[in-house]
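Spelled out, the chains give:
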Amino acid sequence: MLTFVRDKSNTLTAQKSINIKGTLLDLSVPKVMGILNVTPDSFYKGSRQQTITDLLRSAEKMLNEGATFLDIGGYSTRPGAEDIGVKDEINRVLEPIRQVTSRFPEAIISIDTFRSEVAIEAINAGAHIVNDISAGMLDGRMLESVSWMGVPYIAMHMRGTPQDMKHHTEYEDLLGEVTHFFSERISAAKSAGIKDVIIDPGFGFAKTVEQNFYLLNRVEYLKHLSHPLLIGVSRKSMVYKTLNIEAEAALNGTTVLNTVALLKGTSILRVHDVKEAVEAVKLVNQIVN
């Protein structure tokens with residue numbers, strides 16, 4: 001059963017808060033999640049952290065600019081990315097998580113993985129949230145593992161795998177199918193005992209550029225699922241292909257789409273560039289509140 005509350009304008013909105021190790025985090029004002037990739041082949045070169053020193057410098061910059069979350073990932077999920085083993089992924093993320101946790105104990109760390117074994121090791125190392133691009137579809141033990149650890153769970157919409165998702169873009173009703181997918185995965189997560197679920201429409205994952213814009217234009221509909229909404233369009237192909245530029249030049253376009261997403265009720269922006277996203281949140285907040 002969906003639960004709604006009424007805001008000051010008397011319109012229906014989903015409840016927006018998650019529990020981070022006993023502390024309730026209010027998402028009524030949108031938050032920003034900074035991306036820290038410890039992979040050698042992420043699509044945006046500027047997000048690749050090659051050394052611990054680089055990682056800590058980037059983490060400090062993001063936190064100083066206003067990031068609430070830091071999302072650490074060791075598996076590249078760009079279309080056609082190389083598949084790596086579980087042990088390799090664990091080896092990539094554990095030390096960065098330990099180092100960031102030690103240096104910045106106030107940071108809320110998300111582990112970007114679809115593998116339960118990686119998620120368990122990461123949470124034990126100090127991470128606070130599991131961010132799963134497959135919503136539990138690629139690892140049958142993920143939901144029960146997240147429930148056992150008692151952490152929030154980000155469930156993203158995707159078809160196939162990062163290696164073949166570009167071949168799974170045929171939809172009869174994109175919005176309807178994404179909504180149905182989340183209804184089923186939220187139900188599965190709740191049945192497993194997960195208390196806090198955040199949903200991510202998965203822009204760029206098994207969707208064409210045109211489909212990404214179609215979905216963004218209607219993304220407010222997903223608020224009816226009564227769960228916080230995370231949007232990640234940062235420097236993605238829907239920006240740089242539309243503008244006929246490279247990902248390195250896509251900051252302005254990213255900010256425009258982040259602003260659209262905020263106006264449509266987004267709770268978390270997942271970005272490479274924290275300062276600009278935080279500014280967008282502050283400005284949009286003057287309009288909607």
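The structure reproduced in this document is the subject of the present report. Throughout, residues of each chain are indexed from 1 in the direction in which the sequence is written. Reporting in this predicted model follows two pLDDT cut-offs: at least 70 for local features of residues, and 80 or more for side-chain atom pairs to be given and counted; totals over whole chains, interfaces and linings ignore these cut-offs and use all residues. Think of the side-chain values as coming from all heavy atoms in the structure, minus any hydrogens and water.

## Some remarks on the pairing of strand β5 (residues 31-37)
The element β5 is largely enclosed, with a buried count of seven among its seven residues. Note on exposure labels: buried denotes an accessible area under 20% of the residue type's maximum, exposed denotes more than 50%, and partly exposed covers the range between, all computed with a 1.4 Å probe on protein chains only. Here a helix means four or more residues in a row that DSSP labels H or I, a strand means two or more in a row labelled E, and each is numbered from the N terminus. The two faces of β5 match: Lys31, Met33, Ile35 and Asn37 on one face and Val32, Gly34 and Leu36 on the other face are all buried. Of the pairings in the sheet, the one linking β5 to strand β12 (residues 268-271) comprises four bridges and is parallel in character. Paired with Lys31 across the strands is Ile268, a residue of β12. DSSP calls a pair of strands paired once it identifies at least 2 bridges connecting them. Pairing of β5 with strand β6 (residues 69-73) involves five bridges; the strand directions are parallel. The residue bridging Ile35 from the neighbouring strand is Asp71, located in β6.

## Focus: the environment of Pro79
Looking at the element boundaries, Pro79 is found in the loop between β6 and α2 (86-103). Spatially, the C-alpha atom of Pro79 lies 26 Å from that of Ala127, the residues being 48 residues apart in sequence. Excluding residues that lie within four positions of it along the chain, Pro79 makes contacts with Pro162 and Met165. Throughout, a contact is declared for two residues whenever any of their heavy atoms are within 4.5 Å.

## Describing helix α8 (residues 251-263)
Residue pairs three or four apart in sequence face the same way in an α-helix, which turns once every 3.6 residues. Every helix has an expected span of 1.5 Å times one less than the residues it contains. Taking 1.5 Å of rise per residue, the 13 residues of α8 would be expected to cover 18 Å, and the 18 Å separating its terminal C-alpha atoms lies within 8% of that figure. Among the residues of α8, those classed as buried are Gly253, Thr254, Leu257, Asn258, Ala261 and Leu262. Close packing links the buried residues of α8 with α6 (209-217), β11 (230-231), α7 (237-243), β12 and α9 (274-288). Just past α8, the residue Gly265 takes up positive phi, approximately 100°.

## Observations concerning the sheet that holds strand β9 (residues 153-156)
Ordered in space as β10-β9-β8-β7-β6-β5-β12-β11, the eight strands form an open sheet in which the pairing is parallel. Among the strands making up the open sheet, the edge pair consists of β10 (197-200) and β11. In this structure, β6 lies alongside strand β7 (residues 108-112), joined through five bridges in parallel fashion. Among the inter-strand pairings, Asp71 is bridged to a residue of β7, identified as Ser110.

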